[in-house]
Structure formats: structure tokens, C-alpha cells
Amino acid sequence: MNIQKTIAQLRDELHQHNYNYYVLDAPTISDFEFDQLLDKLQRLEKEHPEFSDDNSPTQRVGGAVTKNFETVTHKNRMYSLSNSYSKEDLLDWEGRIKKLVDGEVHYTCELKYDGASINLTYKDGFLHSAVTRGDGEKGDDVTANVKTIKSVPLKLSGDFPKEFEIRGEIILPIDGFNKMNEERLEIGEEPYRNPRNTASGSLKLQDSAEVAKRPLECLLYSIKSDNLNADNQFESLQKARNWGFKVPNEAKLVRNIDEVLSYIAFWDKQRHYLPYEIDGVVVKVNSFTQQDELGFTAKSPRWAMAYKFKSEQVSTLLNAITYQVGRTGAITPVANLEPVELAGTIVKRASLHNADIIEKLDVRVGDSVFVEKGGEIIPKIIAVDFTKRLPNSSPTQYLTHCPECDTRLVRVEGEAQHYCPNYNGCKPQIIGRIQHFISRKAMDIDGLGAETVTLLVNAGLISNYSDLFDLTKEQVIPLERMADKSAENLINGIEASKSIPFERVLFALGIRYVGETVAKKLVKHYKNIDAIAQSSYEELKNVDEIGEKIAESVKVFFESEENQNILRRLRSFGVKLEIDESELVNQTEKLKGKTFVVSGVFENISRNELKKLIEDNGGKVASSISSKTSYVVAGSDMGPSKRTKAESLNIPIISEIDFLNKLV
Ligand code: AMP
Ligand code: ZN
């Protein structure tokens, strides 16, 4: 077969698998097989640039950098929606409609997805452009970024019009949002506030490869076309689904306002179980003929109405404001509330984020406050009920000294958070840093848990992570709940961690903004800790993916004399502070992009050696089998449930010999 045909075929296959996975949520091949197809396509496209195509599935990974987004005039204006908040509002609306159109009116009820609106244009079945709503007349062209969103079809199937626009909402599902925040917290960054702003912020990122990493989705709700071949909204949604768009199945066709109200009541309760946030329901007159008769006001269609849910809100008393000190020294003010029920749970605390928020809300102890549960993980205070303010109250004075160590707090220009700068003497920072050091992704010290770290610090046995390495069994036995055996495990676990590779040690040090990925980059570039420590700010900044903030933070870390002492101690105990020469020799990228699950007992090699081989050769080791697994490496005694799982997902099960052969 000729190359051009092969390429076209691969693209079609990949479009289809992408659709199965991201739109239907029903993949028919494993991620590994998918990656193989994609690899193959990528290779062919590289070898044959003459067949390149902007809508190839390989474009999903992004890479285009946009400095200024071009402003584009919408072909059809993007209107807002009128809002309603009650049954009466909806009945009034129905009354107005009935005066303007004849006959029965049916409605399509849809969820009101809470994200950023987007207008997609398709030409000849291919995505042509993606433009934000902007002011409704003109928006920003964010095509490169939107292309990376996997549920946006780059190529359509079925009987689509030659050219049309389709509108939808770019959203960030709650799980994905929480995961992004976990990753941020891990490296000492402030979490994102809510999914909606994060979604719309993502569309304006300059580097589309960054957008590709975010788990965004696109939910569609309206087609604009002159030859649609459908005469109502409900049917048009079905059409969009058939062409390959993600259109939630919650949309419902109803016959009157009573049924609209039932739909609203149902989703007002059930929305808490959706994987993404909605802020209401959109009710649309179903018939396009009736829609045309109704037309538009200056701002919005007369044929559609948003019903906004009241975000669940309660009022309660603010008993106190306390302050927490995090691992990085960041201070978080916390509102201690009179316990109150909200969206099915009892709320006692709410985050106040930082000094600016407290000042903006003018919130004071003794106030009655309104608390709301939005996209945030913890509820937030949205306002003070000033009618109930006590006459003698005075503005909240933000904390000036650390609640734990009494050091004067600092606030860096341009940052919202206050910090306790007492890096080596502030207990929560000391404990938090050691807890991070021993954690699974860092030194992974078996037999030592977060609580034991607290006990060790409180008993005065350790005050930084290097102290772990000269602990003795006799010292730890007297600790609470510490039996002879567990003390021994602890000491052995610490000893074993000396073989943890340098990149994980570097991550374990807890340098602000140095997460796992950054640690790997630094290690790859510098090879040993002295080289990192001696590197200048400018040099650091030139390393791939290292920006000003990270470079600055790395400098500060290594300039500290205390840190230098701690590093000297770590070195004297034999903790790895450089790449093993042997590691360098044996490292390849042969398994790049592949994820392995290792199960059973092996003949020629230990499980840990096997895992290390996988990682040294660029692969990933996962603990459980999922559709993301590329191979299961099975020794003797592989569990039957693992086998069944692998088989059901079509994941190849290979032997230790098969595996080793991959590396030669
Ligand atoms: P608003 O921004 O409050 O004026 O509401 C209008 C916005 O709601 C539109 O611009 C859309 O982005 C968004 N929206 C979310 N879901 C839907 C839906 N199912 N139908 C129409 N608009 C929707
Ligand atoms: Zn402190």
C-alpha cells in the first residue's frame, strides 16, 4: 500500500479510537495499542512531511506557542442567556412565549455546564477554528489549544453539513481538577480556585503542550447551520452526537413547564453526583420554526432561558480564625464555624485563603457569615451578613507572627500568601519536610509513617531528615506503639533508602517548586548535587522547563548554610547525591511511554531489579492493571484475578525472558 494511504488509514483509525475513548468512554483497544498506532503515525509523518495535516491525531499533543491570540468576528453572534430563579420566572416566560407563537410548545432541557463557551467551526468535516465567546461579537482564536482537547473531534463522521458552527462549553471535570491541585500542592504551589476559572484560563495558555496535559473536555449544545436537516433542538443534539461530538445524554425533551420544573428539581439534587459542575439548567423552545418566530432581544434569544441553581448556601457564626502552617511555611487562615449542615455534610471549617480575601470580605470573629459549597474542596465564606454585625467588632488584624514558632511572618511582593521564614526552627515545617522526605514517591521508607515522624520530632530525636540516618533501634523502641519488630523494620527501611536513586532524593529534599518532573530534569542535566548547588541562577534558568521561580528557589535552598550541613550529613551516611555511573551506562529510552505491571516471582532477576530496569529504560511501573497498562510482566504465581483483568482488557502478558529481550 502506498504511504499516503497508510497515513490516511492510521489517522482514521486513531480518530475512531480517540472517539471511543473520550466521547463514548468505551475504548476497544488498550492504551498501549493506541500508543503504538500513534507512534507509527508520528514516524510516518516525520518521514513524509509532504503529507502533514493540521487535523492529524498527532496534533493532539500540542506544541504550538501563541503569543497573541488573534481576534476574530463571529459569523453568528454569541448571545447570552436570560436568567430565571423561580417557578414564577419560568411561568412568566412561558406566558410571553405563548403570546408570540401559535400551537403547542415543547422544550429541550439541558444542563448548564459551568466552564468557558467556545464556538467551533467545521469545514468539510474537519475542525477549522475554535473561538472564545469574547464579547459575543468578537472572540479570540484559540484553535491550537482546543485541538489538544481529546473530546473535540478533529474529523467528523456521518452526514454533516459542508460548513457549520457548533457551540459548547470547555469544562474541567472535578476529578481532573482535584488531581491538578494535588500536583500543585505537592510542589508548594497555591491550588487553583475552581474548575471553571481553570478551564477558561487554560484556553489562554500560550503553550498548547501545556493545555494538552490538562484533562479538559468539551460538551456541545448548539449547532448553527443553514442546512441542518433537523427541525428541532433535540434532534439536532442527536445529530451532533452522530457526527462525533460529546453531547451529554442528560438532555431531555419535555412537553410543558411542569415537566421543565421536574427536570430542574431532579438535577438540583442529582448535580452533586455529576463528574463536572453545572450551575443550572438551560430550557430551549424545541421547534426551530418557533425559535425563529420568537427571535432575539438585544442580548439573548427569547426562545431560551437559563434557570440558575441557588448555590447551596447557609449562614452561620464565625467563632474564630486560626492559622495553619504548611510544609513550605505558607500560612493559611481557617475560619472555625459554628457547625452547620450544607449540601449533605456538616461544615465546621472554611478556608479563608489569605490576608487579601479576609480584607476584601471584611470578615471578623463574631460575624454571621454566608458559607457556600462550590467547586472548591473545602467550603468558602462568600460574604458577611452585615445586618448582624456586633456593634463593638473591629477589623481583623492579620497574624503578624507564626502561630507555631512566633517568628515574624513575611510576604513576598506579588504573592498572596504569608510565610513563616523560620525554615529550620518551625515545627510544622520541620515535620512536614521530613514527612515529605520519607513519602512513597520520595525516599519511600518502609516501616516509617507520618505519625512516627511527628513522634520522633516531638521526642527530640530528629530535627531534620538527615538525622533519620543515625537513629538507633534503642532510641526508637521507647516511642508510643513501637514494638521491637517495628523498630527494627524502621531502621532497616531507613538503611534501604540509601539505595534510592538521586532523582528521587532530590525530589525528597522538598525544595519549593521542585516536583518529581523538575527533579528529573535537573538530575538529567546536572548529574550530581554539587553541580546543581554551584550552578548560577542564569544557568538554572536555561535548563529545559526551569523558570525563574524554580531557579530562584533552588538558589535559595543551596545558599542556606543549614541545608549545606544537612546535605553533608546525607552524603556521609551514603545517601545518593549523584547519578550512578552504571545507571548512566544502562539508561535508554527503549521503553519510553510504556507502563508495566509486574506480578509474580521471577527466576533470573528480583522484582526490584526488574522494576529498576523498566525505569532505567524510560518505562513506568504501575501497581495495578488498567487500560493504561502496556504490558504485564508475569513470573510464576501471578494472581488469577490479575490474569483475568489483563485478559479482559486485552493487555499482553509477557514473561521475564520476553521482557529482557525487549532491552537487547
Ligand atoms: P451566561 O454566561 O450566564 O449568560 O450564560 C450563557 C452561557 O451558558 C452560554 O454562553 C454558554 O456558554 C453556557 N451554557 C452552558 N450550558 C449550556 C447549554 N446547555 N445551552 C446553552 N448555553 C449553555
Ligand atoms: Zn513558624
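Just so it is clear, the model here is predicted, and its values are computed rather than measured.

Draft legend 1. View of the overall build of the protein. Within the protein, the regular secondary structure consists of 25 helices and 20 strands. Relative to the globule expectation of 26 Å for 664 residues, the C-alpha radius of gyration of the protein, 29 Å, shows essentially globular dimensions. The principal-axis extents of the C-alpha atoms in the protein amount to approximately 90 × 85 × 50 Å. Relative to its full complement of 664 residues, the protein shows a buried share of 47%. Here the protein displays about 33,200 Å² of accessible surface, and carbon together with sulfur accounts for 48% of that area. The protein carries 86 positive and 99 negative side-chain charges, and their two centres are separated by 1 Å.

Draft legend 2. Layout of the side chain of K246. Relative to the helices and strands, K246 resides in the loop between α8 (233-243) and β9 (252-254). By relative accessible area, K246 is classed as buried at 17%. A distance of 3.3 Å separates polar atoms of two side chains, one belonging to K246 and the other to E217.

Draft legend 3. Summary view of the pairing of strand β3 (residues 107-113). Counting buried positions over the 7 residues of β3 gives 7, a clear majority of the element. Note that β3 and β9 share 3 bridges and pair antiparallel. The partner of C109 across the bridge, within β9, is K252. Inspection of the sheet shows β3 paired to strand β10 (residues 278-285) by 7 bridges, in the antiparallel sense. Pairing of K112 across the sheet is with G280, part of β10.

Draft legend 4. Spotlight on the coordination of the zinc ion (ligand 2). Surrounding the zinc ion (ligand 2) are the protein donor atoms C402 (SG), C405 (SG), C420 (SG) and C426 (SG), at 2.2 to 2.4 Å. One way to put it: the 4 donor atoms around the zinc ion (ligand 2) meet at angles of 98 to 114°, and that makes the site tetrahedral. For the zinc ion (ligand 2), the donor residues sit on a single chain with the sequence spacing C-x2-C-x14-C-x5-C. The pair formed by C420 and C426 is uniform in burial state, with each residue classed as buried.

Draft legend 5. Broad picture of the domain arrangement of the protein. Taken domain by domain, the protein consists of domain 1 (3-61), domain 2 (83-308), domain 3 (427-499), domain 4 (502-584) and domain 5 (595-662). Computed over C-alpha atoms, the centres of domain 2 and domain 3 are 52 Å apart.

Draft legend 6. Up close: the packing of helix α3 (residues 87-100) against helix α9 (residues 257-270). In contact at an axis separation of 11 Å, α3 and α9 are set at 145° when each is read in the N-to-C sense. Between α3 and α9 lies a crossing whose hand is right-handed. Each of K87, L90, L91 and E94 in α3 lies in contact with α9, whose residues at this interface are I257, V260, L261 and I264. When the residues that make up the contact of α3 with α9 are grouped by side-chain class, the tally is 6 nonpolar, no polar and 2 charged.

Draft legend 7. Examining the sheet that holds β3 more closely. Across the sheet, which stays open at both edges, the 5 strands sit in the order β2-β11-β10-β3-β9 with mixed pairing between neighbours. Across the chains shown, the open sheet's two edge strands, defined by having one partner strand only, are β2 (83-84) and β9.

Draft legend 8. Representation of the site of ligand 1 in the model. For ligand 1, the set of nearby residues contains 13 residues, the closest of which are E110, R133, E169, Y221 and K284. Within the contact set of ligand 1, a nitrogen atom lies 2.9 Å away from a side-chain nitrogen or oxygen of E110. One of the side-chain N or O atoms of K112 is found 3.2 Å from an oxygen atom in ligand 1. For ligand 1, whose free accessible area comes to 500 Å², the fraction covered by protein is 88%.

Draft legend 9. Quick peek at unusual backbone geometry. Its identity as a non-glycine residue notwithstanding, R481 has a phi of 55°, on the positive side. Within the secondary structure, R481 is located in the loop between α14 (473-476) and α15 (484-496). Even without being glycine, Y513 reaches a positive phi, approximately 70°. Within the secondary structure, Y513 sits in the loop between α16 (502-508) and α17 (516-526).

Draft legend 10. Just the sheet that holds strand β20 (residues 653-654), in detail. Here 4 strands make up an open sheet; going across it, the order is β18-β17-β19-β20 and the pairing parallel. The open sheet has two edge strands with one neighbour each: β18 (620-622) and β20. Examined bridge by bridge, strand β17 (residues 595-599) and strand β19 (residues 631-634) share 4 bridges and lie parallel to one another. Looking at β19, one finds that S599 is bridged to A634.

Draft legend 11. Molecular detail of the nonpolar core. L468, L506, L522 and L570 are the most contacted members of the largest nonpolar core, which has 55 residues in total. Built from parts of two domains, this core gets at least three residues from each of domain 3 (427-499) and domain 4 (502-584). Those residues in contact with L468, other than ones at most four positions away along the chain, are I434, F437, I438, I445, L448, L456, I462 and I494. Core analysis: the next-biggest nonpolar cluster, separate from the first, contains 35 residues, L154, V211, L216 and F245 among them.

Draft legend 12. Quick look at the confidence of the model for the protein. Residue-level pLDDT values for the protein average 91, and 98% of them are 70 or greater. Within the protein, β3 carries the highest mean pLDDT (98), whereas helix α22 (residues 581-586) carries the lowest (67).

Draft legend 13. Quick peek at the pattern of salt bridges. Counted under the stated rule, the structure contains 35 salt bridges. Here R11 and D53 are joined by a salt bridge, their closest N and O atoms 3.8 Å apart. Highlighted residues: R11 in helix α1 (residues 3-22) and D53 in the loop between α2 (31-47) and β1 (71-73), separated in sequence by 42 residues. Given the relative accessible area of 24%, D53 is considered partly exposed. D470 is the partner of R569 in a salt bridge, and the nearest nitrogen-oxygen pair spans 3.5 Å.

Calculation rules
Within any chain, residue numbers begin from 1 and follow the written order of that chain's sequence. Numbering of ligands from 1 and lettering of chains from A proceed in the order in which they are written. Local features in this predicted model are restricted to residues whose pLDDT is 70 or higher, and side-chain atom pairs enter the listing and the counts only when it is 80 or higher, whereas totals over whole chains, interfaces and linings include all residues. The basis for the side-chain values is all heavy atoms of the structure; hydrogens and waters are excluded. What counts as a helix is a DSSP run of H or I of at least four residues, what counts as a strand is a run of E of at least two, and both are numbered from the N terminus. Each radius of gyration is computed over the set of C-alpha atoms, and the globule rule expresses the reference value as 2.2 Å times the number of residues to the power 0.38. Relative accessibility under 20% of the residue-type maximum defines a buried residue, over 50% an exposed one, and the middle range a partly exposed one, all with a 1.4 Å probe and only protein chains included. Computed with a 1.4 Å probe, the accessible areas rest on the Shrake-Rupley method; for each residue, only the protein chains presented here act as cover. We score Asp and Glu as negative and Lys and Arg as positive, and we do not count His or the chain ends. Lysine's charge is taken at NZ, arginine's at CZ, aspartate's at CG and glutamate's at CD. Any pair of N or O atoms that falls within 3.5 Å is considered a polar contact. Within protein, one atom must be able to donate a hydrogen and the other to accept it, and sequence-neighbouring residues count only if both atoms are side-chain atoms. Pairs of strands are assigned from DSSP output, requiring at least two bridges between the strands. The rule for donors is simple: an N, O or S atom within 2.8 Å of the metal counts, and for Na, K and Ca the reach is 3.2 Å. Water is not among the atoms, so a site may look short of donors. Any site counts as irregular unless it has four donors with all angles between 85 and 135 degrees, making it tetrahedral, or four or six donors with opposite ones more than 155 degrees apart and the rest between 65 and 115, making it square planar or octahedral. What marks off one domain from the next here is an automatic or database domain assignment. Think of each axis as a best-fit line through the C-alpha atoms, taken over the contacting stretch in the case of a helix, with angles from 0 to 180 degrees between the N-to-C directions. Put simply, a crossing is left-handed when the front helix is turned counterclockwise from the back one by less than a right angle, and right-handed when it is turned clockwise. Working rule for contacts: check all heavy atoms of both residues, and any pair within 4.5 Å makes them a contact. Charged residues are taken to be Asp, Glu, Lys and Arg, nonpolar residues to be Ala, Val, Leu, Ile, Met, Phe, Trp, Tyr, Cys and Pro, and polar residues to be all remaining types, Gly included. Whether a residue is near a molecule or strand depends on its heavy atoms: if one lies within 4 Å, it is near. Here, the term nonpolar core denotes a set of buried Ala, Val, Leu, Ile, Met, Phe, Trp, Tyr and Cys residues that are joined through side-chain atoms within 4.5 Å. On a range of 0 to 100, pLDDT expresses the predictor's confidence in each residue. Every case where a carboxyl oxygen of Asp or Glu lies within 4 Å of a side-chain nitrogen of Lys or Arg is listed as a salt bridge.

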